[in-house]
Amino acid sequence: MSPPPGPLLAYGTNGLTDLRLADALALLADLGYQGVALTLDHMHLDPLAPELARRTAEVAKRLDQLGLAVAVETGARYVLDPRAKHGPSLLDPDPAARARRIGLLTEATRIAADLGATALHCFSGHRPPDTPDEVAWARLADAFTPLVEAAEAAGVPLAVEPEPGHLLQDLAGFHRLRQALGGPEVLRLTLDIGHCQCLEPLPVAATVTAAGPWLAHVQIEDMRRGVHEHLPFGDGEIDFPPVLAALDATGYAGLVSVELPRHSHAGPQLAAESHAFLRSAWGTARAEVV
């Protein structure tokens, strides 16, 4: 069966951490996925290990052989600090700690360019305790300034993700950062469909429509209102055909990546089931539009 037009179906490697990267890529291609959301981590293209350029070139070659598009994600939990999840962040009170995160994201920008990635994903991090809101937002804008410059130089969209519980946790937060930076064209949006269900004020399909002009990367999974837990399709509350129809209507043609980072134990099975679910849901969405 030929793939649907429009967005490219992908799966995140953070949901396949029990597989070697080469095996994960081959699995996704065999299942009919058109892309992969590659999380840089110790088990999958470690950004801190030796011979990064050589290893990146090998991954790029394999992606080309398999016909997989790629987006680079930077949400690895302990890649910088083995004791602090997602630490240090762009909001860390210590300038040296913030610089470590900026350095990693700058390196990730170069990796994304070398892979021919559709986007480089990132997020803000949590607001540190006792940090006033205005201070945190100013710190975030300062941190993003060199990242925007790096993304512009590399020609890779910098796609920030609103993350529940983070300083930048919703679409309004994305626009606040964008305006603080003067609206750079390279600063785009990673929209997580489950997060929309979790906390955005508008219905999910309406949020997708509102986000359309800035989309560079989309993550997708099921979720329940008010609960930030990534769920397999059918285990949450989202009615997907209207959401996918809204995404089609935006004209978005990038990756739509299944995001199940806590389900690696069943990764191959869920990758197969997720592909079948999304193909069916998209078929329903397009039949209803016609």
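Check the entry above for the structure.
Residues numbered from 1 in each chain as written. Predicted model: local features only at pLDDT ≥ 70, side-chain atom pairs only at ≥ 80, totals over all residues. Heavy atoms only, no water.

**Let's talk about the environment of Leu168**
Tracing the chain through its elements places Leu168 in the loop between β5 (158–160) and α5 (171–180). Of the residues examined, Leu168 reaches a relative accessible area of 0% and is grouped as buried. Considered as a pair, Leu168 and Phe123 are 45 residues apart in the sequence and their alpha carbons are 7.5 Å apart. Setting aside its immediate chain neighbours within four residues, Leu168 contacts Ser124, Trp137, Leu140, Val160, Glu161, Pro162, Glu163, Gly173, Phe174 and Leu177. (Helix = DSSP H or I, 4+ residues; strand = E, 2+ residues; numbered from the N terminus. Buried < 20%, exposed > 50% of the residue type's maximum accessible area, 1.4 Å probe, protein only. Contact = heavy atoms within 4.5 Å.)

**So, unusual backbone geometry**
Put simply, Gly87 and Pro88 share a cis peptide bond, and its omega is -15 degrees. Along the polypeptide, Pro88 turns up in the loop between β3 (69–73) and α3 (95–115). In this model, His86 sits at a positive phi of 60 degrees, which is unusual for a non-glycine residue. Relative to the elements of secondary structure, His86 occurs in the loop between β3 and α3. Even without a glycine there, the phi angle at Asp130 is positive, about 65 degrees. Locating Asp130 in the fold gives a position in the loop between β4 (120–122) and α4 (133–154).

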